[in-house]
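Spelled out from the first residue to the last, the chains are:
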Amino acid sequence: MAEIRIYNLRIVPPNPIYERVVAFKKQFIDAFGPLQYSKSKPHVTLVQFEMDVDYEPLLIKYFSALSDMETFKMTIEGVAAFEKGSKVLLLKISPSKNFEQLLAQIKVIWRRDLHRGLTALKVSNTPHITISKTKDVTTLHKSLELFKDIAYFKEFEVNELVLLSRPHGKTWDWECHIPLS
């Protein structure tokens with residue numbers, strides 16, 4: 001029987017930004033308790049999808065073509081929120097041409113090389129780093145109030161992508177690093 005796994009292609013910010021986001025997550029947990037995504041590792045999700053683990057060598061082969069892309073900068077623009085739907089406290093990342101080009105290249109690989117429809121690919125069109133999902137709008141507003149005086153604006157270089165996978169309902173247990181040129 002085929003093992004279907006969840007895959008996530010992401011950008012992981014370097015230190016000291018990574019550690020600072022971990023500190024924000026801890027500050028959130030201290031104030032509101034552990035909620036969904038509050039203990040997740042800091043990252044910017046590019047895409048997520050499900051696939052049979054037998055195709056993993058092909059995923060590595062085709063996504064490794066992204067290493068031809070040049071490194072680029074991303075800028076964190078402070079604390080914000082997704083108020084509608086998901087109720088997520090986050091660090092907003094400014095959109096960039098490089099990010100859009102990266103997503104476009106991933107979609108080309110997805111269709112051309114992996115022969116999959118775009119409906120099977122969850123694309124994150126709004127770059128961000130999640131601090132935590134909140135249980136309700138009240139908690140979201142209280143968390144925004146807690147972080148409102150923190151002006152966190154940082155630029156970092158994206159020099160690699162990370163492809164991870166996990167079984168349904170489990171934690172990420174496999175990863176592959178894809179360096180950018």
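Colleague: What am I meant to see in the sheet that holds strand β1 (residues 4-11) here?
Modeller: Pairing between sheet strands relies on hydrogen bonds along the backbone, with the strands arranged either parallel or antiparallel. Reading across from one edge, β5-β2-β1-β8-β9 is the order of the five strands in this open sheet, with antiparallel pairing throughout. The two strands at the open ends of the sheet, each matched to only one other strand, are β5 (122-123) and β9 (174-179). Both β1 and strand β8 (residues 160-167) contribute to a ladder of six bridges, which runs antiparallel. Looking at β8, one finds that Arg-5 is bridged to Pro-167. Here helix α3 (residues 97-113) sits on the sheet in contact with β1, β2 (44-52), β5 and β8, set at roughly 10 degrees to β2.

Colleague: Can you walk me through the layout of surface pockets in this structure?
Modeller: One way to see where empty space is left: roll a probe the size of a water molecule over the atoms. In this structure, the largest pocket occupies an estimated 1,000 Å³ of space. Residue lining of the largest pocket: 34 residues in total, with Asn-8, Arg-10, Tyr-37, His-43 and Trp-172 positioned closest to the centre. Breaking the lining of the largest pocket down by element, the ones donating at least two residues are β1, β2, β5, β6 (128-133), β8 and β9. Each residue belonging to the lining of the largest pocket can be placed in one class, and the counts come to 13 nonpolar, eleven polar and ten charged.

Colleague: Just to check I follow, could you spell out the sheet that holds strand β7 (residues 153-158) for this structure?
Modeller: Spatially, four strands are ordered β6-β4-β3-β7 in an open sheet, and the strand pairing comes out antiparallel. Two strands bound the open sheet, and with one partner strand each, they are β6 and β7. Pairs of neighbouring strands in the sheet enclose a mean axial angle of 30 degrees, with direction left out of account. Where strand β4 (residues 88-93) lies against β6, five bridges are found, and the strand directions are antiparallel.

Colleague: Could you clarify how one ought to interpret the pairing of β4 in this entry?
Modeller: Look at any regular strand and the pattern is simple: side chains alternate between the two faces of the sheet. Of all six residues that make up β4, five are buried, and the element is covered over most of its length. Bridge count between strand β3 (residues 72-82) and β4: five bridges; the pairing is antiparallel. Looking across to β4, one finds that Val-79 is bridged to Leu-91. Between β3 and β4, which pair antiparallel and follow one another directly, the connecting turn spans five residues, one of which, Gly-85, has a positive phi of 75 degrees.

Colleague: Explanation requested: the nonpolar core in the structure shown.
Modeller: In globular proteins that are soluble, nonpolar side chains generally tend to be buried together. Counting residues in hydrophobic clusters, the biggest one holds 43 residues, and the most contacted among them are Leu-9, Ile-11, Phe-49, Phe-63, Ile-106 and Leu-161. If we skip the residues at most four places from it in the chain, Leu-9 touches Val-44, Thr-45, Leu-46, Val-47, Phe-63, Leu-66, Ile-106, Leu-161, Val-162, Leu-163 and Ile-178.

Colleague: It is not clear to me how the packing of aromatic side chains should be interpreted in this structure. Could you clarify?
Modeller: To describe a pair of aromatic rings, one takes the distance between the centres and the angle between the planes. Counted according to the given criterion, the structure contains seven aromatic pairs. Taking 5.8 Å as the distance between ring centres and 85 degrees as the angle between the ring planes, the aromatic pair formed by Phe-24 and Phe-147 counts as edge-to-face. Taken as a pair, Phe-24 in helix α1 (residues 17-32) and Phe-147 in helix α4 (residues 137-147) lie far apart in primary sequence, 123 residues in all. Residue classification places Phe-147 among the buried residues on the basis of a relative accessible area of 1%. When the centroid spacing of 6.1 Å and the interplanar angle of 45 degrees are considered together, the rings of Phe-49 and Phe-63 count as tilted.

Colleague: What's the story with the packing of α1 against α4 in this structure? I'm lost.
Modeller: In helix packing, the relevant descriptors are the interaxial angle and the interaxial distance, both defined with respect to the helix axes. At their nearest, the axes of α1 and α4 sit 11 Å apart, and the two run at 125 degrees to each other. In terms of axis orientation, α1 runs oblique to α4. Note on packing geometry: the crossing formed by α1 with α4 is right-handed. On α4, the residues touching Phe-24, Gln-27, Phe-28, Ala-31 and Phe-32 of α1 are Thr-139, Lys-142, Ser-143, Leu-146 and Phe-147. Here the contact of α1 with α4 is composed, by residue class, of six nonpolar, three polar and one charged.

Reading guide: rules and limits
- Residues numbered from 1 in each chain as written.
- Predicted model: local features only at pLDDT ≥ 70, side-chain atom pairs only at ≥ 80, totals over all residues.
- Heavy atoms only, no water.
- Pairing = 2+ DSSP bridges.
- Helix = DSSP H or I, 4+ residues; strand = E, 2+ residues; numbered from the N terminus.
- Contact = heavy atoms within 4.5 Å.
- Axes fitted to C-alpha atoms, helices over the stretch in contact; angles between N-to-C directions.
- 1 Å grid on protein atoms, 1.4 Å probe; cavity = no way out; pocket = protein on both sides within 12 Å on 5 of 7 lines; lining within 4 Å.
- Points joined across faces, edges and corners; volume = space filled by probe spheres on them.
- Nonpolar A, V, L, I, M, F, W, Y, C, P; charged D, E, K, R; others polar.
- Buried < 20%, exposed > 50% of the residue type's maximum accessible area, 1.4 Å probe, protein only.
- Core = buried A, V, L, I, M, F, W, Y, C linked by side-chain atoms within 4.5 Å.
- Phe/Tyr/Trp six-rings, centres within 6.5 Å; stacked < 30°, edge-to-face > 60°.
- Parallel < 35°, antiparallel > 145°, perpendicular 65-115°, else oblique.
- Left-handed = near helix turned anticlockwise from the far one by under 90°.

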